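Structural overview
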Amino acid sequence: AKSNGAASYEIFDAAMGAQALLQLEKQTDVRRAVERREFVVFYQPKVELSSGALHGFEALVRWAHPERGIVSPGEFIPLAEESDLIVRIGRFVLEESCRQAKVWRDRYGAHAPAVGVNLSARQFRDPNLARIVGAALEETGLDPNALLLEVTESAMMDDAESSGARLRELKALGVRIAIDDFGTGYSSLAYLQHFPLDMLKIDRSFVTELGRDPKGTAIIEAVSSLGHLLEMQVLAEGVETTDQLARLRDLGCELGQGYYWSRPLPQEEAEELIAKSFG
Ligand code: C2E
Ligand code: CA
Ligand code: CA
Ligand code: CA
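Everything quoted here is computed from the prediction, not taken from an experiment.

Rules and cut-offs
Residues numbered from 1 in each chain as written. Chains lettered and ligands numbered in written order. Predicted model: local features only at pLDDT ≥ 70, side-chain atom pairs only at ≥ 80, totals over all residues. Heavy atoms only, no water. Axes fitted to C-alpha atoms, helices over the stretch in contact; angles between N-to-C directions. Helix = DSSP H or I, 4+ residues; strand = E, 2+ residues; numbered from the N terminus. Left-handed = near helix turned anticlockwise from the far one by under 90°. Contact = heavy atoms within 4.5 Å. Buried < 20%, exposed > 50% of the residue type's maximum accessible area, 1.4 Å probe, protein only. Pairing = 2+ DSSP bridges.

Moving on, we get to the packing of helix α3 (residues 85-108) against helix α5 (residues 129-140). Running from amino to carboxyl end, α3 crosses α5 at an angle of 35°, the nearest separation of the two axes being 9 Å. For the element pair α3 and α5, the recorded crossing hand is right-handed. Contact residues: Arg-91, Leu-94, Glu-95, Cys-98, Arg-99 and Lys-102 in α3; Ile-132, Val-133, Ala-136, Leu-137, Glu-139 and Thr-140 in α5.

Following this line, the structure appears as structure tokens:
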């Protein structure tokens, strides 16, 4: 029995080793992709629910893998978040998005769509963040109010005490700030009231429940009035159906994003969409 136990321990250990090795291999792949500049930015439209007008874009990173094609962020962002890789990828997305937004501003004027850039928890905690964002604005010459930074509710509330100062530091650059995936974390309303936020993005999970569960409807209604009371724009994520769109309008939500209008688009297709709306 004793030798048996030792043997199974060894197998367990070998399996753990293989796991760790695979993890390390993936890390190395992502690191190499950063060095080879294999990442690209896609843009998903944000739409005004009342008019259907294009309001802005969210920048969403993709890995243009030489063999696998376009790889979605779910496959590498969580991995990148375990190290400084996320800071390097994040910096690329920020700079590329600012450069693109500047092109659109120059072409279509002050009403050209603003661009939202996601910040991971690790980026948000980086003491150099405001300097990095400031440098991206300066280098591209982008008007700061054309940049929206999307920070998840859980990243903000993780250390709410210091988040306020961090948000004010960013706000001082003139950028706008969104609280992302709202409703999935645990917000302290006391903090929320003091954070300088411009947009509240209601998480897709609530939109999916619309029309299925009366409580889902009540939550969206409550969250949009909370957002408006705190003087934020309210956007619903993951809108896929006409029914959801109609309900969201009724509930007082003013902006939406989702496959109902469009999936995230490669840059050239995003440009075609802007040209149609503004050209
Ligand atoms: P997120 O910030 O919540 O972005 C919205 C995600 O929902 C995107 O997935 C988008 O394609 C997807 N989506 C939009 N509309 C619909 C819809 O109607 N139905 C469904 N089922 N999904 C919809 P994506 O592009 O795969 O990104 C996933 C997550 O990866 C993002 O969630 C964000 O957390 C992260 N991410 C993406 N790009 C970046 C980035 O540049 N930096 C950082 N830090 N994170 C990023
Ligand atoms: Ca987002
Ligand atoms: Ca989101
Ligand atoms: Ca999400």
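This brings us to the pairing of strand β1 (residues 39-48). Note on strand geometry: in a regular strand, side chains alternate between the two faces of the sheet. In terms of burial, β1 is a largely internal element, eight of the ten residues being buried. Alignment of β1 against strand β2 (residues 54-65), held across nine bridges, turns out to be antiparallel. What sits directly across from Val-40, in β2, is Arg-62. Where β1 folds back onto β2 in an antiparallel hairpin, the turn is made up of five residues, including Gly-52, whose phi is positive at roughly 80°. Alignment of β1 against strand β10 (residues 265-266), held across two bridges, turns out to be antiparallel. Across the sheet, the residue bridging to Tyr-43 is Leu-265, located in β10. In the sheet, β1 pairs with strand β9 (residues 255-256) via two bridges, with the strands oriented antiparallel. Within β9, the position partnered with Glu-48 by the bridge is Leu-255.

Next up on the list: unusual backbone geometry. Despite not being glycine, Arg-37 has its phi angle at roughly 55°, a positive value. The exposed category is assigned to Arg-37, whose relative accessible area is 73%.

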